[in-house]
Amino acid sequence: MDSFPISSFILLIFPCFFLSVSSLSTVSISETANQTLICSLNFRFSLNCSSFPSGIQIPFNPNDSYSGVVAGDGFFCGLRNFPTISKSIVVCWRFSVNGTNMETKRVYDGPNLKELRAGNSHICGVVNGTNQLECWQWRRFDRNFTFNFSSIAVGGDFVCGLSNAREIRCEESGNSTDVGGGDGRYRAVAAGFRHVCGINLKNELECWGAVAGEIPAGEFKMLALGDNRSCALRLNGTAVCWGEENFTLPERLKREFFTAIEAKKNVFCGILRGNFSLLCWGNEIFDQNLLSVFDSVSPGPCTSQCPCGPLANTDQFCTQPTMICNPCQDRAHLPPPPLPPPPQISHHSSGQRWSGRMVALLVVGCVGSLSLVFICSSFVYKYCKNRVCRVHDSGPMEDPVGTSGGGGGGETLAGRPGNGKGILEKRLSHLISLGNGGQLGQLEDFPLSTLLEATNNFSEEHKIGSGSFGSVYRAVLNDGREVAIKRAEFSAISSSAWGTRRQEDKDNAFLNELESLSRINHKNLVRLLGFFDDTHERVLVYEFMSNGTLHDHLHKLPSSPLAASWARRIAVALDAARGIQYLHDYLSPPIIHRDIKSSNILLDDRWTAKVSDFGLSLMGPDDDASHLSLRAAGTVGYMDPEYYRLQQLTTKSDVYSFGVVLLELLSGCKAIHKNENGVPRNVVDVMVPYIVRDEIHRVLDMKVPPPTPFEIEAVKYVGYLAADCVITEGRHRPSMTDIVNCLERALAACLAPTTLSRSSTESSM
């Protein structure tokens, strides 16, 4: 056997193998956190992977050959076929953004697979011969398809198949979006996270589900769908893209010709027809460079039979007699269409009279249309001449500066007379009309002179931090009260859309915080004492939290009481959880904070934790509904990836952020931090693999003494809770009520051998 030529062995295997595999992908894309991994098959179907930025290394054997590759959110899989024994193996690697926490698992070892596809979380394949569907990483999937497949497509929580009769059927798992399916006959099917598209027998596009953007017209031969964005190849090989926020193909690539395209989440990749190099687009890294990711990629699988002939210049990828097929839909390889019949020349005078009527109607129609356009334009011009015409206004029209009069607090830092309460007074009146007047009536209307005196004209020596819309100052009022004063920052006057939008965001943050805090009264939420507002100054005054932020105690201070025991850290987590639970479950409508993080959890003089900074908060929908089409806001590292990806906001977005805080408390690592080599990584990717392997003791914060036998069980319990909070799909995360109950049990376990001095969470302090 040692003397048997390898090339002969390959020739024996490849013809059989590639006859049964015709639609496997040779390119895969995985996006996780801020990292993108691209893998492809090149000469003789060897594997090549690269990450952007660099950091992820897949530990594969370079001598192994693969039949196809797929990838999703934090995982990559390769399919190896062994036709001589009619078996296939699917091996998957799950990785973190820095590539250090690599897990390898064989998810399939069975009959040959002719198709393998992956969504963001799930993998499915089709068994050759039986056309049976197999799915992995999908415990809740209930397979009940009743027809055979020629190809499949995997979405967020659904899988679609193209039957031998060319019908598209989709099966969903859980409570996913109803993507529907087509009623006609189709050549191809592809799935994004929440939508499906097919190419019908006329080569036209049809899409179902949560389709974003305008579907292009024309004839197409291939599809690639991501999250709320899509691309397709026309018959001539040029690409067109569409989706949310006017997603489109980069201008430079509109002149390129591709043989195949692939997508995942936001990233799209295409194999150039000229040299088979791989170009990718869709995020800042790829759009700014538009350089080749790989110089040479196999444009498709090899086979021994091609109905429409071989694809030109692909001999280097396959061993004879196999070849890569040219797509039959390509117009360049279709027979020329039949010539049209010669025109029938009519000698009847009626044809000439009809042409004259057509010319007359055409002239009248053009004149009438131009007149209508002129009239409409004149009307719009007269209407907008003395008005500000807004497009897509996100809020109510307010009084322009100077139109509201009276009111106290007319003094400003600039020495100019203010216009009293102005804009804010309208909002306050609206809040009172909604029944919030009782709480608002308790807020103090501070004179600006008092605040200026207490902060020495908002000097730097009084500044202690910053919030969602401005700087925070520590001050002592004339009556001896120690307070924190948050002063809004006004952008310099700018005519740019960016400057206007930035100022609107700050204005909204100020009003959001005032509106939210006017409704709440809870011991684990920072209390608002009063405010000041006029045209030029907007200030909020809070109770002062003398022990600073949780972030400082975890990451900045050389020593902290929070490093004394695990019970103290769990008690802080419980306090914060109770505050968020109040926002979600005890208010109607609930408040979604949107910016839960360790720097927004403050500690008072008794070490009680309180949630602060409601500048990004929103009044949430009732029940389990979600905000739709909201511009994602929050802090990188804490932001719910599902909210960022789908623009759907629910209370479970706060749950994800709180899960990141729990991981910070356990590990002592920042949400985004650098490893020993200086490579950025996410605490979720670092901690969760150890938690699920029951090895959390390896990654606990070394500043805290090793857990006692009582504490270690509580710490593990909190670790599993944190892992549940950061599950990718929000509907599988626990509620804040569940989290409070779990933390109460964990704290009780920590304190089991001790006598509690108080019944509240302060007992551990």
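Structure: above.
What this report covers is the structure whose coordinates are included nearby. A quick note: this is a predicted structure, and the numbers were derived from the prediction, not measured.

## Some words on the overall build of the chain
Of the regular secondary structure elements, the chain holds 13 helices and 37 strands. When each of the 765 residues of the chain is scored for burial, the buried share is 51%. Sequence-distant contacts in the chain: of pairs separated by 6 or more residues, those separated by 24 or more amount to 55%. Total accessible area on the chain stands at roughly 36,500 Å², and carbon and sulfur atoms take up 53% of it.

## Describing the state of the cysteines
Put plainly, two cysteines are in a disulfide when a covalent bond ties their sulfur atoms together. Counted by the stated rule, this structure contains 7 disulfides. There is a disulfide in this structure between Cys-160 and Cys-170, and the S-S distance comes to 1.9 Å. With the S-S dihedral at roughly 105°, the linkage between Cys-160 and Cys-170 falls on the right-handed side. Separated by 10 residues along the polypeptide, Cys-160 in strand E12 (residues 158-163) and Cys-170 in strand E13 (residues 168-172) bring together distant segments of the chain. Residue class for Cys-160 comes out buried when judged on its relative accessible area of 0%. Disulfide pairing places Cys-269 opposite Cys-280 at an S-S distance of 2.0 Å. As the torsion about the S-S bond is roughly 100°, the Cys-269-Cys-280 disulfide counts as right-handed. Highlighted residues: Cys-269 in strand E21 (residues 267-272) and Cys-280 in strand E22 (residues 278-281), separated in sequence by 11 residues. Cys-742 takes part in no disulfide bond, and the closest cysteine sulfur to it belongs to Cys-725, at a distance of 8.4 Å. In this structure Cys-742 comes out as buried when scored by relative accessible area, which is 14%.

## A closer look at the nonpolar core
Across soluble globular proteins, nonpolar side chains have a tendency to be buried as a group. In terms of nonpolar packing, the biggest core is built from 64 residues, with Phe-658, Leu-662, Ile-739 and Leu-743 touching the most fellow members. Of all the elements in the fold, those that place two or more residues in this core are helix H7 (550-555), helix H8 (566-585), strand E33 (601-603), strand E34 (609-611), helix H10 (651-667), helix H11 (683-692), helix H12 (709-725) and helix H13 (736-750). For this core, the element with the most residues is H8, which contributes 12 residues. Apart from residues lying up to four places away in sequence, Leu-662 is in contact with Ala-573, Val-718, Leu-721, Ala-722 and Leu-743. Membership of the second largest hydrophobic core comes to 34 residues, among which are Leu-37, Ile-56, Phe-317 and Cys-318.

Cut-offs applied
- Residues numbered from 1 in each chain as written.
- Predicted model: local features only at pLDDT ≥ 70, side-chain atom pairs only at ≥ 80, totals over all residues.
- Heavy atoms only, no water.
- Helix = DSSP H or I, 4+ residues; strand = E, 2+ residues; numbered from the N terminus.
- Buried < 20%, exposed > 50% of the residue type's maximum accessible area, 1.4 Å probe, protein only.
- Contact = heavy atoms within 4.5 Å.
- Areas by Shrake-Rupley, 256 points an atom, 1.4 Å probe, with all protein chains shown as cover.
- Disulfide = S-S within 2.5 Å.
- Core = buried A, V, L, I, M, F, W, Y, C linked by side-chain atoms within 4.5 Å.

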